[in-house]
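Fold and geometry: a report
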Amino acid sequence: MDNITIPKLLQRIMQWENDIAQHVPKLERPSGYFLQFDPLDNGGYYCSPFDAIVFANTGMDGIHYSFLTDFGMHTDLEQAPILCVSPMDFGNCVRIVARNLHEFFELHFEGHEDLLMNDFKTEEDYMNHRREQENNSSEYIDKDTRNQQKQWVRERAAEQFGFRPIENAFQTVQAARASRQRQVILPTLDGLGIISDPGNSPSEPCAPHPWHKKDITYDELEAVGQFVRKADAPGLFSLIRDAQHQDLLHPEYVKLLGSELTTRGYLAEASRLKRCMTP
């Protein structure tokens, strides 16, 4: 964890929005998010991946955006995949939304906030949503002023950070997800999967853990313990992803899995796991 530092782009945007806040008083935050950086904070919800680092909160329903480190594989967070974590979207809480931080903010400042936040099944669904939003009336008396200030921020962001127009935002998000799936060697219930680490993991698909696509019940602690102590890294990581997806908050399981991560040297991941899975 010692070599994990705040990405320069995130740091610049955090400073920039503080500098311009006085020019857009109708916006709670110029960026549209509550930006932060703490390497040990993965968001704190049961579904917040234990190998993720949150950097933006929406302030709505616990929805937050995070860097996916893939268990420390991505030490340069500028290049780490970006996740949307939506705790109230049961069964579909975690999804890839951008290939990296620059692409995420490029989508956001192009006005595709809703695409990043919601899981539209088709491009037509997304375009219909955009048309509905444009046609919706609002009782908010300063709506026009607020929209003007948002547009001003978008233009300044493009100038300051070199963001370019995206030809097809929906396809951009889909491409990020497809790119991820091509790297997966072991699927997990949350859809993220485990990808190959060129230095430690095989490039071929691995056998799933014994409880894959099954409920991990409280009375199987001993069997789970035997598995994790012998499992290779992909097997262990996939089991923990699935335990999170199942909201397995049993203290003994959290202790078992956290202890195994610590033993193997994944101290940051163990800390985040305890933070988000302790009842």
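Here is a short report on the structure shown in this document. (Residues numbered from 1 in each chain as written. Predicted model: local features only at pLDDT ≥ 70, side-chain atom pairs only at ≥ 80, totals over all residues. Heavy atoms only, no water.)

Quick look at the nonpolar core now. Ranked by size, the top nonpolar core spans 40 residues in total, and within it Phe55, Tyr65, Phe67, Phe104 and Phe105 carry the most contacts. Residues Ile194, Trp211, Leu261 and Met277 belong to the second largest nonpolar core, which totals 27 residues. (Core = buried A, V, L, I, M, F, W, Y, C linked by side-chain atoms within 4.5 Å. Buried < 20%, exposed > 50% of the residue type's maximum accessible area, 1.4 Å probe, protein only.)

This next bit is on the sheet that holds strand 5 (residues 94-98). Overall, antiparallel pairing links the 5 strands, which are arranged 1-2-3-4-5 in an open sheet. The open sheet has two edge strands with one neighbour each: strand 1 (34-35) and strand 5. Where strand 3 (residues 64-68) lies against strand 4 (residues 82-85), 4 bridges are found, and the strand directions are antiparallel. In the sheet register, histidine 64 faces strand 4, and the bridge partner there is valine 85. Along the sheet, helix 2 (residues 101-109) makes contact with strand 1, strand 2 (52-57), strand 3, strand 4 and strand 5, crossing strand 5 at roughly 85°. Across the sheet, helix 6 (residues 169-183) touches strand 3 and strand 5, and the angle it forms with strand 5 is around 115°. (Pairing = 2+ DSSP bridges. Helix = DSSP H or I, 4+ residues; strand = E, 2+ residues; numbered from the N terminus. Contact = heavy atoms within 4.5 Å. Axes fitted to C-alpha atoms, helices over the stretch in contact; angles between N-to-C directions.)

Enumeration according to the criterion identifies 15 salt bridges in this entry. Measuring nitrogen to oxygen at the nearest pair gives 2.9 Å for the salt bridge that ties aspartate 51 to arginine 241. Of this pair, aspartate 51 sits in the loop between strand 1 and strand 2 while arginine 241 sits in helix 8 (residues 233-245), placing them 190 residues apart in sequence. Taking the relative accessible area as the measure of exposure, arginine 241 reaches 1% and is therefore buried. (Salt bridge = Lys/Arg side-chain N within 4 Å of Asp/Glu carboxyl O.)

The subject of this paragraph is the environment of leucine 77. Within the fold, leucine 77 resides in the loop between strand 3 and strand 4. For the pair leucine 77 and glycine 91, spaced 14 residues apart in sequence, the C-alpha to C-alpha distance is 27 Å. Apart from the residues within four sequence positions on either side, leucine 77 is in contact with Ile4, Thr5, Pro7, Phe37, Ile53, Phe67 and Thr69.

Now for the side chain of histidine 74. Mapped onto the secondary structure, histidine 74 falls in the loop between strand 3 and strand 4. Judged by its relative accessible area of 19%, histidine 74 is buried. Among the polar contacts made by the side chain of histidine 74, one reaches the side chain of aspartate 70 at a distance of 2.9 Å. In this structure, histidine 74 is in contact with Leu68, Thr69, Ala80, Pro81 and Ile195, ignoring residues within four places of it in sequence. (Polar contact = N/O pair within 3.5 Å; in protein donor to acceptor, adjacent residues only side chain to side chain.)

None of this, on its own, says anything about what the molecule does.
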